[in-house]
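Residue-level listing of the chains:
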Amino acid sequence: MRSRNPVFSRRGFSRDNGYAGFNAAPQAGGPAVATQGNPYAQPTGNPYAQNPYAQQDLQQGAPPQAPATTGRMTMDDVVLRTATTLGTLIVTAALAWALLPVDDAHIGRSYGIGIGAALIGMVLAFVQSFKRTASPALILSYAAFEGVFLGVVSSIVDNRIASGAAMQAVIGTMAVFAAVLVAYKAGWIRVNRRFYGFVMAAALGFVLLMMVNMLFAVFGGGDGLGFRSGGLGIFFGVIGVILGACFLALDFKQVEDGIAYGAPKNEAWLAAFGLTLTLVWIYMEFLRIIAILNSND
């Protein structure tokens with residue numbers, strides 16, 4: 001099995017025969033223990049096993065521990081790269097909001113630019129997902145184009161449907177992130193194989209259902225099957241937020257395992273990329289819910 005975020009489904013963030021860390025003794029928030037099931041603890045097939053500190057720790061039967069000077073990824077690295085990626089996204093979103101008007105005379109052009117930016121961002125995200133190494137320039141470019149799309153969509157919703165919707169969606173996203181982080185570190189969320197299987201099955205069903213609804217909307221017009229509007233739209237929006245929260249827990253587990261078992265410093269960019277993908281998902285679901293609630297007034 002692999003993480004929902006494709007950037008975590010490679011190299012040290014996953015293993016060929018299972019999800020990273022699920023065979024390790026500790027659960028969420030606890031210290032990692034080197035076992036054969038851990039991707040960073042395996043001398044065979046682990047790209048980071050050549051690290052001399054990891055090898056020494058494994059021979060002594062202890063969890064890998066190395067000084068910061070060895071070039072391993074740390075939590076500070078993840079925080080810094082994530083802040084840089086999200087900062088880029090926020091800046092371009094603010095510029096798109098300010099420079100692309102959404103009045104009746106210009107909304108078509110602005111919306112077209114937003115959709116074009118979204119498509120470019122999606123292509124960049126796929127390219128980075130299948131690359132063997134992290135590319136900071138590619139990740140930041142994705143964030144920039146994704147920010148343009150979010151800025152245009154947020155401006156449309158905020159100015160034409162629900163005033164203050166963008167700020168409400170931001171606050172909701174931040175609240176979900178903080179709540180999941182606290183619950184994960186406290187051990188209230190146990191990220192194990194059963195949790196992973198349930199989340200992936202639910203996410204697959206959700207995405208397929210939304211794709212069917214989109215096809216009906218494209219070829220049949222209107223809201224398709226109505227899964228993204230009205231009462232059903234609110235219900236599925238809440239489901240989307242819950243799935244996003246579950247994805248955050250999976251991301252936290254993967255980052256924790258990467259730090260504990262010696263991922264190289266450059267992998268922090270992949271962690272930032274994966275977290276950004278999840279936060280964008282949650283934000284869009286919140287924005288959709290707010291738009292539906294206000295359109296029904």
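About the cut-offs
Residues numbered from 1 in each chain as written. Predicted model: local features only at pLDDT ≥ 70, side-chain atom pairs only at ≥ 80, totals over all residues. Heavy atoms only, no water. Helix = DSSP H or I, 4+ residues; strand = E, 2+ residues; numbered from the N terminus. Buried < 20%, exposed > 50% of the residue type's maximum accessible area, 1.4 Å probe, protein only. Contact = heavy atoms within 4.5 Å. Areas by Shrake-Rupley, 256 points an atom, 1.4 Å probe, with all protein chains shown as cover. Core = buried A, V, L, I, M, F, W, Y, C linked by side-chain atoms within 4.5 Å. Axes fitted to C-alpha atoms, helices over the stretch in contact; angles between N-to-C directions. Left-handed = near helix turned anticlockwise from the far one by under 90°. Nonpolar A, V, L, I, M, F, W, Y, C, P; charged D, E, K, R; others polar. Salt bridge = Lys/Arg side-chain N within 4 Å of Asp/Glu carboxyl O. Expected span 1.5 Å × (residues − 1). Polar contact = N/O pair within 3.5 Å; in protein donor to acceptor, adjacent residues only side chain to side chain. Parallel < 35°, antiparallel > 145°, perpendicular 65-115°, else oblique. pLDDT = per-residue confidence, 0-100.

> Hey, could you run me through the overall build of the chain in this one?
Assigned secondary structure in the chain consists of eight helices and zero strands. Of all 297 residues assigned to the chain, the portion counted as buried reaches 49%. A separation threshold of at least 6 residues defines the contact pool for the chain, and within that pool the share at least 24 residues apart is 75%. Carbon and sulfur atoms make up 67% of the accessible area of the chain, which totals about 14,000 Å².

> Got a minute to help me understand the nonpolar core in this structure?
A general tendency of soluble globular proteins is for nonpolar side chains to be buried together. Ranked by size, the top nonpolar core spans 62 residues in total, and within it Tyr142, Val176, Val180, Phe195 and Leu248 carry the most contacts. Taken together, the elements giving at least two residues each to this core come down to helix H2 (75-99), helix H3 (107-130), helix H4 (136-160), helix H5 (165-186), helix H6 (193-220), helix H7 (230-260) and helix H8 (268-295). The greatest single-element share of this core, amounting to 18 residues, is contributed by H8. Once residues within four sequence positions are removed from consideration, Val180 is found in contact with Ile189, Ala245, Leu248, Ala249 and Phe252. Of all hydrophobic cores here, the second largest spans seven residues; its members include Ala96, Val102, Val148 and Ile156.

> Help me out: how do you make sense of the packing of H3 against H4 in this one?
The description of two packed helices rests on the angle between their axes and on the distance between the axes. Their axes nearest at 8 Å, the elements H3 and H4 cross at an angle of 150 degrees. In this structure, H3 crosses over H4, and the sense of that crossing is left-handed. Grouping the amino acids of the contact of H3 with H4 by side-chain chemistry returns 18 nonpolar, five polar and one charged.

> Sorry if this is basic, but what is going on with the pattern of salt bridges here?
Side-chain pairing between opposite charges can occur once the charged atoms of the two side chains come close. Inspection of every chain in the model, using the stated rule, returns four salt bridges. A salt bridge links Arg81 to Asp77; its shortest N-O distance comes to 3.7 Å. Here Arg81 pairs with Asp77, and both are found in helix H2, just four residues apart, close to one helical turn. The two residues Arg81 and Asp77 agree in class, both being buried. As a salt-bridge pair, Lys185 and Glu256 come within 3.8 Å of each other at their nearest N and O atoms. Note that Lys185 is positioned in helix H5 and Glu256 in helix H7, a separation of 71 residues in sequence. Judged by its relative accessible area of 48%, Lys185 falls in the partly exposed class.

> Looking at this structure, how should I read H6?
Owing to its 3.6 residues per turn, the α-helix aligns residues three or four sequence positions apart on the same side. Here H6 is 28 residues long and its end C-alpha atoms lie 40 Å apart, about the 40 Å a rise of 1.5 Å per residue gives. Of all the residues in H6, the buried ones are Phe195, Tyr196, Val199, Ala203, Phe206, Met210 and Asn213. Packing partners of the buried residues in H6 comprise H7 and H8. Its side-chain oxygen 3.3 Å from the backbone nitrogen of Arg194, Asn192 forms the N-cap of H6.

> Is there a simple way to think about the packing of H5 against H8 in this case?
Remark: H5 packs on H8, axes separated minimally by 8 Å, with the N-to-C direction vectors making an angle of 135 degrees. Judged by the inter-axis angle, H5 sits oblique to H8. Here H5 runs over H8; the crossing is right-handed. When H5 is examined against H8, the residues Ala165, Ala166, Gln168, Ala169, Val170, Gly172, Thr173, Val176 and Phe177 are found in contact with a partner set consisting of Leu279, Ile282, Tyr283, Phe286, Leu287 and Ile290.

> Mind showing me how you'd approach the confidence of the model for the chain here?
Should the pLDDT be low somewhere, the predicted coordinates at that spot are not to be read in detail. When pLDDT is averaged along the chain, the result is 80, and 75% of the positions lie at 70 or above. Here residues 50-60 scores under 50 on pLDDT; set against residues more than four positions off or in separate chains, the count is 17 contacts. Across residues 65-69, confidence stays below pLDDT 50; counting only partners more than four residues off in sequence or on other chains, it has five contacts.

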